[in-house]
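Observations on chain architecture
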Amino acid sequence: MEERKKTYGLGGKVCAVTGAAGAIGEAIASLLFAQGARVGLIDVNEAAGRDLVGRLDPAGDSTLFLRADVTSEDEIDAAVKRILAKFSRLDVLVNCAGILKHEPIDEMSLANFESVVRVNLTGTFVACRAAVPIMKRQGGGKIVNIASLGGRTGRPGVGVNYAASKAGVIGLSQTLAKELGPHGIYVNAVAPGPILTELTKKVPPDVFERWNAGKAVTKNGAPVDVAEAVLFLASDLSNWITGVTLDVNGGILIR
Ligand SMILES: NC(=O)c1ccc[n+]([C@@H]2O[C@H](COP(=O)([O-])OP(=O)(O)OC[C@H]3O[C@@H](n4cnc5c(N)ncnc54)[C@H](O)[C@@H]3O)[C@@H](O)[C@H]2O)c1
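Attention in this report is confined to the structure presented alongside it.

Calculation criteria
Note that residues are indexed from 1 along each chain, following the sequence as it is written. Note on the predicted model: pLDDT of at least 70 is required for a residue's local features to be given, and 80 or more for side-chain atom pairs to be given and counted; whole-chain, interface and lining totals, by contrast, use all residues. In this text, helices come from DSSP runs of H or I with a minimum length of four residues, and strands from runs of E with a minimum of two, each type numbered from the N-terminal end. Values of the radius of gyration come from C-alpha atoms, whereas the globule rule sets the reference at 2.2 Å times the count of residues to the power 0.38. Three exposure classes are used. Buried residues have 20 or more other C-beta atoms within 10 Å of their own C-beta, exposed residues have 12 or fewer, and partly exposed residues fall in between, all C-beta atoms being placed from the backbone. Two strands make a pair as long as DSSP finds a minimum of two bridges between them. Each axis is a line fitted through C-alpha atoms, taken for helices only over the stretch in contact, and angles between the N-to-C directions span 0 to 180 degrees. Once C-beta atoms are placed from the backbone, any two residues with those atoms within 7 Å are in contact. The criterion for a residue being near a molecule or strand is a backbone-placed C-beta atom within 6 Å of that molecule or strand. In this count, Pro and Cys sit with the nonpolar residues alongside Ala, Val, Leu, Ile, Met, Phe, Trp and Tyr, while Asp, Glu, Lys and Arg are called charged and the others, Gly among them, polar. By definition, any crossing whose near helix is turned counterclockwise from its far helix by less than a right angle is left-handed, and any crossing with a clockwise turn is right-handed. Comment on the angle field: the value is read as roughly parallel under 35 degrees, roughly antiparallel over 145, roughly perpendicular from 65 to 115, and oblique elsewhere. By our criterion, buried Ala, Val, Leu, Ile, Met, Phe, Trp, Tyr and Cys residues that link up through C-beta atoms within 7 Å make up a nonpolar core.

Turning next to the overall build of the protein. Scanning the protein from N- to C-terminus turns up eight helices and seven strands. Relative to the 2.2 N^0.38 estimate, which gives 18 Å for 255 residues, the radius of gyration of the protein is 17 Å and therefore close to what a compact globule would have. Here the C-alpha coordinates of the protein stretch approximately 50 × 45 × 40 Å along the principal axes. Expressed as a percentage of its 255 residues, the buried residues of the protein come to 46%.

Shown next, in the form of structure tokens:
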């Protein structure tokens, strides 16, 4: 049997990662880069994004930071164009940008609800739409969307805005997988369980503990656990897998 290359097919590929300056996005961008991919890192947090690029790839040959807001079609289209200008192709898109603004429903304003849906769900659509024509022209590609356990099943205190946005990401991924399969474009989602990051630090510790309860294993989740699932779905290790949502949560959903 021919031995698989260690890069899992990612060597020289071009990946775009939104939310790359956050904890999970950084782990994803770093792991893809470590497999030999060239990576466009997209985020609104310019300082953290540039700092990461400086640590990963000081010469800047194989990475590019792009300050862009996923809710802005113009900014994301421009960011994708700059990735194409530098690397000439786009093989993988990982949608990881996300926000969480929990409030009980009777205190949640429409503006709050819509702002979370706009970043988490509409932002995923905007980035997919920018990437798909390029992947179609190239004859294939891989899209991995970061959903959440909160979009899989009702979780206490996660917020209806966040849960609805992440359930939407799962629906978007499944339908896009069907639509784009004939073009050789794979679309999958990863649904992480609770991981302590800037996003979840704002959540009261007792709420976080309730989210985190019921794991089959005792190990707490870390950003790299999500990154390894994304690596699988972005690489040649998953060439007959599309439209799935991969749960990465230490077995929380086992009944
Ligand atoms: N931490 C968890 O427990 C957990 C669980 C399930 C899913 N997730 C998801 O994982 C993803 C990453 O979360 P994290 O925990 O690393 O949080 P994080 O706050 O560390 O990272 C989120 C990143 O998204 C960026 N971002 C926010 N709004 C943006 C926008 N409009 N345009 C571009 N970038 C934007 C932020 O600047 C930040 O760098 C999110 O989609 C989140 O919903 C996290």
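The subject of this paragraph is the sheet that holds strand β6 (residues 185-192). Here seven strands make up an open sheet; going across it, the order is β3-β2-β1-β4-β5-β6-β7 and the pairing parallel. Of all the strands in the sheet, the pair left with one neighbour each is β3 (63-67) and β7 (245-248). Sheet twist, expressed as the average angle between the axes of neighbouring strands with direction ignored, equals 15°. As defined by bridge partners, strand β1 (residues 14-18) adjoins strand β4 (residues 92-95) across four bridges and the pair is classed as parallel. Each bridged residue has a counterpart across the sheet, and for Val 17 the counterpart in β4 is Val 94. Helix α3 (residues 73-87) rests against β1, β2 (38-43) and β3 of the sheet, and its axis sits at about 160° to β3. Here helix α8 (residues 223-234) sits on the sheet in contact with β1, β4, β5 (141-146), β6 and β7, set at roughly 165° to β6.

Around the ligand sit 28 residues in total, of which Gly 19, Gly 22, Gly 98, Thr 197 and Leu 199 are the nearest. Among the elements of the structure, α1 (23-34), α4 (110-138) and α6 (198-201) are those that each provide at least two residues to the shell around the ligand. In the shell around the ligand, the residues fall into 14 nonpolar, eleven polar and three charged.

Interaxial distance between α3 and α4 falls to 9 Å at its minimum, and their mutual angle equals 35°. The interaxial crossing formed by α3 with α4 has right-handed handedness. Residue-level inspection shows Glu 73, Ile 76, Asp 77, Val 80 and Leu 84 of α3 in contact with α4, the latter providing Val 126, Ala 127, Ala 130, Ala 131 and Ile 134. Residue composition of the contact of α3 with α4, grouped by class: eight nonpolar, no polar and two charged.

Quick look at the packing of α1 against α8 now. In the contact formed by α1 and α8, the axes pass within 8 Å of each other and the chain directions differ by 45°. Classified by the angle between their axes, α1 and α8 sit oblique to one another. Seen along the crossing, α1 lies across α8 with a hand that is right-handed. Residues Ala 23, Ile 24, Glu 26, Ala 27, Ile 28, Leu 31 and Leu 32 of α1 touch α8, and the partners they reach there are Pro 223, Val 224, Val 226, Ala 227, Glu 228, Val 230, Leu 231 and Ala 234. Looking at side-chain class alone, the contact of α1 with α8 contains 13 nonpolar, no polar and two charged residues.

The biggest cluster of nonpolar side chains holds 75 residues, and the ones touching the most others in it are Val 17, Ile 28, Leu 32, Ala 131 and Val 230. Looking at this core element by element, the count peaks at ten residues for α4. Apart from the residues within four sequence positions on either side, Val 230 is in contact with Ile 28, Val 94, Val 144 and Val 190.

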